[in-house]
Amino acid sequence: MLKNTETGILLGNPPSRAELTELIASSGKLHAQLKEQAAKVTILNRGNGVYLRGLIELSNICIKDCYYCGIRKSNNKTHRYLLDEDVIVETALYAFKNHYGSVVLQSGERNDSAFVEQINRVLSRIKNETEGKLGITLSLGEQSEEAYNQWFKNGAHRYLIRFETSNQELYKKIHPNNETHSFNHRIECLKLLKKIGYQTGTGVMIGLPGQTHEDLANDLLMIKALDTDMVGMGPYIEHEFTPLYKERGKLWPLKQRFETALNMIATLRLLMPDINIAASTALQSIDPIGREKALQWGANIIMPNITPSKYRDDYLLYQNKPFTNESGDDFLSSLKLRINMSGKELVLDEWGDSLHFFNRQQKRK
Ligand code: 5AD
């Protein structure tokens with residue numbers, strides 16, 4: 001029965017929480033209807049283009065101890081690395097030469113001044129050597145206002161920081177209960193980033209132990225309330241060397257986590273038609289073409305991993321993380337083909353900024 005959806009969002013009306021919950025949990029006919037509507041809304045608001053970001057995982061050194069994450073501080077089975085400044089810059093230049101309009105610099109969290117300074121130097125060098133043409137997104141966690149300001153001045157223009165779950169009880173269950181892992185601080189960081197002028201992205205994990213469909217509906221409402229420009233959401237995938245692994249008996253089957261992630265992406269597209277939504281890497285670890293599938297459910301961004309391959313094994317946020325080499329010419333041409341087959345077009349040499357960002361600037365005037 002399409003109880004809550006008969007009059008709501010599929011017809012372009014504001015949705016109730018109950019309706020969002022129903023869509024997120026949908027299967028069968030409603031699931032298919034949702035896909036169709038999200039695909040239409042994407043074309044109408046964001047067009048046919050799929051934008052690239054080359055993902056550079058520059059270090060797995062982390063001061064945090066999140067119970068779900070494979071690179072958490074207490075996992076002593078991981079070999080820790082930090083890419084050389086030269087290697088980071090070379091990888092970014094590789095992306096630039098191969099027509100990636102932008103890169104994402106991602107890392108475990110560190111906030112010491114040596115790290116902040118290193119990022120400053122890397123940003124300046126990339127900006128210089130590409131004459132300001134390569135777009136740069138950062139995904140480096142919670143930092144001081146000063147660090148966010150410096151990085152912005154040095155050329156970063158987008159920042160990603162997921163709040164992971166809007167259910168604060170659940171947040172406490174998946175993180176140590178201390179100041180380094182405060183939900184409120186994470187939200188403060190998002191607000192700060194917006195104030196500084198970054199295009200700001202957030203997101204959540206889907207299918208955490210004990211998480212309900214209603215929690216996920218609340219996640220979408222929270223994203224909407226935060227009014228962010230970009231979102232990346234993916235299925236939670238258990239990692240053997242983390243404390244949350246012991247809860248694996250409570251998890252939905254992988255296929256269900258995958259389908260629910262597609263429902264989340266599509267529902268969010270209806271809720272926020274002009275934002276950028278990434279097809280997350282975690283989707284690919286469940287289904288080899290999971291990211292391409294997500295492009296048919298409302299996602300319009302893809303982030304191929306271009307980290308030099310010898311470091312790839314050490315950035316294991318979760319198990320089964322794909323190891324495919326995504327940096328050769330062959331990879332780009334086959335990606336282009338797969339994207340064309342789904343009726344979309346790979347856009348090269350463009351930043352692919354969030355339309356929502358410009359719309360909200362316009363509203364403020
Ligand atoms: N499964 C899925 N996603 C994960 N992340 C971290 N650990 C996992 C996991 N086990 C995600 C978090 C984080 C992002 C960088 O990776 O959402 O914000």
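Residues numbered from 1 in each chain as written. Predicted model: local features only at pLDDT ≥ 70, side-chain atom pairs only at ≥ 80, totals over all residues. Heavy atoms only, no water.

Before we go on, may I ask you to explain the overall build of the chain in this structure?
Scanning the chain for helices and strands turns up 14 helices and 10 strands. Computed over C-alpha atoms, the radius of gyration of the chain comes to 19 Å, within 12% of the 21 Å expected from 2.2 N^0.38 for 365 residues, which places it in the range of a compact globule. Oriented by its inertia axes, the alpha-carbon framework of the chain measures out at about 60 × 45 × 40 Å. In the chain, which comprises 365 residues, the proportion classed as buried is 58%. For the chain, the proportion of contacts with a sequence separation of at least 24, taken over those separated by at least 6, is 76%. Looking at the chain as shown, the accessible area adds up to about 15,300 Å², and 52% of this sits on carbon and sulfur atoms. In the chain, 46 positive and 43 negative side-chain charges are present, and the distance between their average locations comes to 3 Å. (Helix = DSSP H or I, 4+ residues; strand = E, 2+ residues; numbered from the N terminus. Rg over C-alpha atoms; globule rule 2.2 N^0.38 Å. Buried < 20%, exposed > 50% of the residue type's maximum accessible area, 1.4 Å probe, protein only. Contact = heavy atoms within 4.5 Å. Areas by Shrake-Rupley, 256 points an atom, 1.4 Å probe, with all protein chains shown as cover. Lys, Arg positive; Asp, Glu negative; His and termini not counted. Charge placed at Lys NZ, Arg CZ, Asp CG, Glu CD.)

Is there a simple way to explain unusual backbone geometry in this structure?
What you tend to see is this: most non-glycine residues have negative phi, and most peptide bonds are trans. Phi is positive for Glu164, which is not a glycine, with a value near 75°. A positive phi angle, near 60°, is found at Asp349, a position not held by glycine. The residue Asp349 is located in the loop between strand 10 (345-347) and helix 14 (355-364) in this model. Given a relative accessible area of 49%, Asp349 falls into the partly exposed group.

Whenever I open this one, the nonpolar core confuses me. Can you help?
Soluble globular proteins: nonpolar side chains tend toward being buried together. Leu105, Leu138, Trp151 and Met233 are the most contacted members of the largest nonpolar core, which totals 97 residues. One finds Tyr51, Leu55, Val104 and Val347 within the second-largest nonpolar core, a separate group that totals 7 residues. (Core = buried A, V, L, I, M, F, W, Y, C linked by side-chain atoms within 4.5 Å.)

Sorry, what's going on with the packing of aromatic side chains here?
Any aromatic ring pair is given by two values, namely how distant the centres are and how the planes are angled relative to each other. Taken as a whole, this structure holds 7 aromatic pairs when the rule is applied. Each ring, one from Tyr171 and one from Phe183, has its centre 5.2 Å from the other, and the planes form 75°; the classification is edge-to-face. Highlighted residues: Tyr171 in helix 6 (residues 168-174) and Phe183 in helix 7 (residues 183-196), separated in sequence by 12 residues. For Phe183, a relative accessible area of 8% corresponds to the buried category. (Phe/Tyr/Trp six-rings, centres within 6.5 Å; stacked < 30°, edge-to-face > 60°.)

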